[in-house]
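Commentary on secondary and tertiary structure
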Amino acid sequence: MKLYVGCGLTYAREGFKESVRQLKEKLKNIPEVVVLEFLGLGNGTAREVFVHDINCVSKCDLMIAICDEPSTGLGVEIGIQMQSGKPILAFGHKDSKITRLILDPPIENFKFHRYQSFDDIYEIILDFIQNYK
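A brief report on the enclosed structure follows. Since the model is a prediction, treat every value here as computed from it, not as a measurement.

Moving on, we get to the overall build of the protein chain. When helices and strands are counted, the protein chain shows five helices and five strands. Counting from the amino terminus, helix and strand elements in the protein chain follow one another as β-α-β-α-β-α-β-α-β-α. In terms of C-alpha radius of gyration, the protein chain reaches 14 Å, essentially the compact-globule figure of 14 Å for 133 residues. Along the three orthogonal principal directions, the C-alpha set of the protein chain runs to about 40 × 30 × 30 Å. In the protein chain, buried positions account for 43% of the 133 residues. Considering only intrachain contacts with a sequence separation of at least 6, the fraction spanning at least 24 residues in the protein chain is 61%. Element-wise, carbon and sulfur atoms account for 51% of the exposed surface of the protein chain, whose accessible area totals about 7800 Å². Each charge class in the protein chain can be summarised by its mean position, and for the 16 positive and 18 negative side chains these summaries are 3 Å apart.

A separate point is the side chain of Ser96. Along the chain, Ser96 turns up in the loop between strand 4 (88–93) and helix 4 (100–103). Residue contacts for Ser96: discarding those within four places in its chain leaves Asp68 and Arg114.

One can describe the packing of helix 1 (residues 14–28) onto helix 5 (residues 118–131) by two numbers: an axis separation of 10 Å at closest approach and a directional angle of 30°. By the angle between their directions, the pair helix 1 and helix 5 is classed as roughly parallel. Taken as a pair, helix 1 and helix 5 cross one another with a handedness that is right-handed. Where helix 1 abuts helix 5, its residues Phe16, Ser19, Val20, Leu23, Lys26 and Leu27 lie against Phe118, Asp119, Ile121, Tyr122 and Ile125. When the residues that make up the contact of helix 1 with helix 5 are grouped by side-chain class, the tally is eight nonpolar, one polar and two charged.

Quick look at the layout of surface pockets now. In this structure, the largest pocket encloses a volume near 390 Å³. Taken together, 21 residues line the largest pocket, and the ones lying closest to its centre are Val49, Asp53, Ser71, Gly73 and Glu77. Elements supplying a minimum of two residues to the lining of the largest pocket: strand 1 (2–7), helix 2 (46–59) and helix 3 (72–84). Counting residues per element, the lining of the largest pocket draws most heavily on helix 3, which supplies five residues. Of the residues that constitute the lining of the largest pocket, the class distribution is twelve nonpolar, seven polar and two charged. One number sums up the size of the second largest pocket: a volume of about 210 Å³. Forming the walls of the second largest pocket are Cys67, Glu69, Pro70, Ser71, Leu74, Gly75, Ile78, Lys97, Ile98, Thr99, Leu101 and Ile102. Listed by contribution, the elements that provide at least two residues to the lining of the second largest pocket are helix 3 and helix 4. The element best represented in the lining of the second largest pocket is helix 3, accounting for three residues.

Cut-off values and rules
Residues numbered from 1 in each chain as written. Predicted model: local features only at pLDDT ≥ 70, side-chain atom pairs only at ≥ 80, totals over all residues. Heavy atoms only, no water. Helix = DSSP H or I, 4+ residues; strand = E, 2+ residues; numbered from the N terminus. Rg over C-alpha atoms; globule rule 2.2 N^0.38 Å. Buried < 20%, exposed > 50% of the residue type's maximum accessible area, 1.4 Å probe, protein only. Contact = heavy atoms within 4.5 Å. Areas by Shrake-Rupley, 256 points an atom, 1.4 Å probe, with all protein chains shown as cover. Lys, Arg positive; Asp, Glu negative; His and termini not counted. Charge placed at Lys NZ, Arg CZ, Asp CG, Glu CD. Axes fitted to C-alpha atoms, helices over the stretch in contact; angles between N-to-C directions. Parallel < 35°, antiparallel > 145°, perpendicular 65-115°, else oblique. Left-handed = near helix turned anticlockwise from the far one by under 90°. Nonpolar A, V, L, I, M, F, W, Y, C, P; charged D, E, K, R; others polar. 1 Å grid on protein atoms, 1.4 Å probe; cavity = no way out; pocket = protein on both sides within 12 Å on 5 of 7 lines; lining within 4 Å. Points joined across faces, edges and corners; volume = space filled by probe spheres on them.

Dropping the structure here:
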């Protein structure tokens, strides 16, 4: 299964970015899982980032959207994934303010979860993968 982990990076705290990096490393250890990598802040031109990251969204079997940090780019990626009909697991920290557009959209294969730690996110993803048809 190919996973794409999307999140806001531009204004994100270093601790948040490190937690995302650690989550992705942990996900890579699940048998038969491939984590598609976004280019991030330092690599490529704006056009290269767009083409690469949207290509990852189109290739993934499951999108993980961590919605704690403001991000127009993540919103674009979520919208594209919603249109594809492929599953999205979206997450927001229990104390984060999250746009209501993400909290409960009438979109099949979309589920929003509140979490306390990145371990919660990992466990929800692992459960999804184990029960994926």
